[in-house]
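# Working through the structure, step by step
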Amino acid sequence: MENFSFYSPTYFAFGKGAENQAGNLVKQFGGSKVLIHFGGGSVVRSGLLDRVKKSLADADVPFVELGGVKPNPRSGLVYEGIELCKKEGVDFILAVGGGSTIDSAKAIAAGTVYDGDFWDFYSGKPITKALPVGTVLTIAAAGSEGSPDSVITKEEGMFKRGASGNAIRPKFSILNPALTQTLPAYQTAAGATDIMAHLYERYLTNSKEVEVTDRLIEALLLTMVHETPRVIENPDNYDARANIMWAGMMAHNNSCGVGRSQDWNSHNIEHELSALYDCAHGAGLAVTMPAVFKYVMHHNVMRFAQVAVRVWGCQMDFEHPEVTALAGIKAFQNFLISIGMPKNFEELGAKEEDIPKLVSVLCRGDGRTGSISGFVTLNEEDCTKIYQMMI
Ligand code: NZQ
Ligand code: ZN
């Protein structure tokens, strides 16, 4: 196990009706004027936004609102939010929605207290200062409710890039699984895929002797395999939703990623797909991961064989561990297809002729120098082959 530090001070309020604590929690964490940030309208239609506003009013906390965050959130609305916060003297940002809304809120939080262009943070500058952020989560997926990360797409050039820093870890996150019951099945499945991706990105490590985090990841993957079909079959299954929601948080607040190197090549390769085609991030990952895994499998066949046996119930073939490894990758892909995720470029809406462009932005865009690195280092030729495997 490698040396690590782990600081994850988010307060979680979990369960039915937890959103009614929003006003008191904002006050407890020092907010006196709030920006409520939300997406394209699901929280308006469900009545959640009204309940959150009432909770703030009951706690005597004034607020302004900014809606309209799109999935794969854009830089334009972030600039607008920063202006609004400065003008209105906002000192706390409350994101009500999914990962896109939370990420946009985090970008606004960092940009409001920074003199330069907020995009600096998405070009590699660590975030050390930001307004406090709270969240009311409506989809189990990105894990942004417990993570120090934010992913934004710069409209100029359509670069989708991440920024990080403990300053943007939410001060509190409200997780009411019942709020996820209004999700369309496709979004539920895309969210589940993203959660499993966050687990695989950590599982694919070059660190040795990481049994505790291996076992935590396997437990969370097994939970997702068990619970996801139950919510696809019955969207109102509160308990299955609850297990998925907490798994989503644990998958990405890094409690199961400490002390080990991590991969993130699948995420980087996928981000170009959701930037260019505006597909759901989870759906892009469903197509990306099997291709990446097959391509890099031989770097450490036993790692893939281990997850195949422990999570996917494959028989270990000691003479040909690559057979077991491949069976595990296939079982994972079949599972993703069974919950309604796409399996190839066509189903995702991606085009073969765009591959050179995808590779160029991936490996050369925004300061990159010809490769991406994680479990293995992938150059432009590797990335081209991986995108071709998705056709
Ligand atoms: O915009 P509204 O109307 O709210 O609709 C959303 C959106 O269309 C809808 N939705 C959310 N909750 C709902 C609901 N519809 C009905 N009922 C509900 N309860 O679902 C759609 C997707 O929402 P979005 O916020 O985009 O989903 P998700 O949480 O999957 O976030 C995806 C974004 O997070 C980034 C992704 O790249 C992507 O941009 N990621 C962020 C990470 C982080 N900050 O740590 C890590 C992840 O790996 C990921 O990259
Ligand atoms: Zn993700």
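The structure presented is a predicted model; accordingly, all values stated were derived computationally and were not measured.

So, on to the overall build of the protein chain. Each helix and strand counted, the protein chain has 15 helices and 10 strands in total. Considered along the principal axes of its C-alpha atoms, the protein chain spans approximately 70 × 45 × 40 Å. In the protein chain, buried positions account for 58% of the 391 residues. Restricting the contact set of the protein chain to residue pairs at least 6 apart, pairs at least 24 apart contribute 77%. Each charge class in the protein chain was averaged separately, 35 positive and 44 negative side chains, and the resulting centres sit 3 Å apart.

The next thing to look at is the side chain of H252. Secondary-structure assignment places H252 in helix α8 (residues 238-252). Judged by relative accessible area, H252 falls into the buried class, the value being 8%. Ignoring anything within four residues of it in the chain, the contact list for H252 reads A142, G143, S147, D149, H198, R202 and W264.

Our focus in this paragraph is the packing of aromatic side chains. Within the structure shown, the criterion is met by 18 aromatic pairs. With centroids separated by 5.2 Å and ring planes inclined at 90°, the aromatic side chains of F12 and W246 adopt a geometry described as edge-to-face. You can see F12 sitting in strand β1 (residues 11-14) and its partner W246 sitting in helix α8, a full 234 residues away along the chain. Residue class for W246 comes out partly exposed when judged on its relative accessible area of 32%. A centroid spacing of 4.6 Å and a plane angle of 20° characterise the contact between Y200 and F332, whose relative ring orientation is stacked. Placement of Y200 in helix α6 (residues 185-203) and of F332 in helix α12 (residues 321-338) is noted, with a sequence separation of 132 residues between them. Across the pair, exposure class does not vary: Y200 and F332 are buried alike.

A few words on the pattern of salt bridges. Enumeration over the complete set of coordinates arrives at 16 salt bridges. With a closest N to O distance of 2.7 Å, D214 and R303 form a salt bridge. One end of the pair, D214, is in helix α7 (residues 211-233); the other, R303, is in helix α11 (residues 301-310), and 89 residues separate them in sequence. The exposure class of D214 is buried, given its relative accessible area of 2%. For R303, a relative accessible area of 9% puts it in the buried group. Between R310 and E218 there is a salt bridge, and its shortest N-O distance comes to 2.9 Å. Of this pair, R310 sits in helix α11 while E218 sits in helix α7, and the two are 92 residues apart along the sequence. Given a relative accessible area of 27%, R310 falls into the partly exposed group. One connected set of salt bridges, linked through shared partners, spans E211, R215, E218 and R310.

About the thresholds
Every chain is numbered on its own, with residues counted from 1 as its sequence reads. As a convention, the first chain written is A and the first ligand written is 1, with the rest following in written order. For this predicted model, a pLDDT threshold of at least 70 governs which residues receive local features, and a threshold of 80 or more governs which side-chain atom pairs are given and counted, while totals over whole chains, interfaces and linings are taken from all residues. Calculated side-chain values reflect all of the structure's heavy atoms, with hydrogen atoms and water omitted. Where helices and strands are cited, they refer to DSSP runs of H or I of at least four residues and of E of at least two residues respectively, numbered from the N terminus. Think of it in three bands: with a 1.4 Å probe and only protein chains considered, a residue is buried below 20% of the maximum accessible area for its type, exposed above 50%, and partly exposed in between. Every residue pair with non-hydrogen atoms within 4.5 Å of one another is taken to be in contact. Note that His is not counted, nor are the chain ends; the positive residues are Lys and Arg, and the negative ones are Asp and Glu. Think of each charge as sitting on NZ of Lys, CZ of Arg, CG of Asp or CD of Glu. Working definition: rings of Phe, Tyr and Trp (its six-membered ring) pair if their centres are within 6.5 Å, and the pair is stacked with planes under 30 degrees apart, edge-to-face with planes over 60 apart, and tilted otherwise. Counted as salt bridges are all cases of a side-chain nitrogen of Lys or Arg within 4 Å of a carboxyl oxygen of Asp or Glu.

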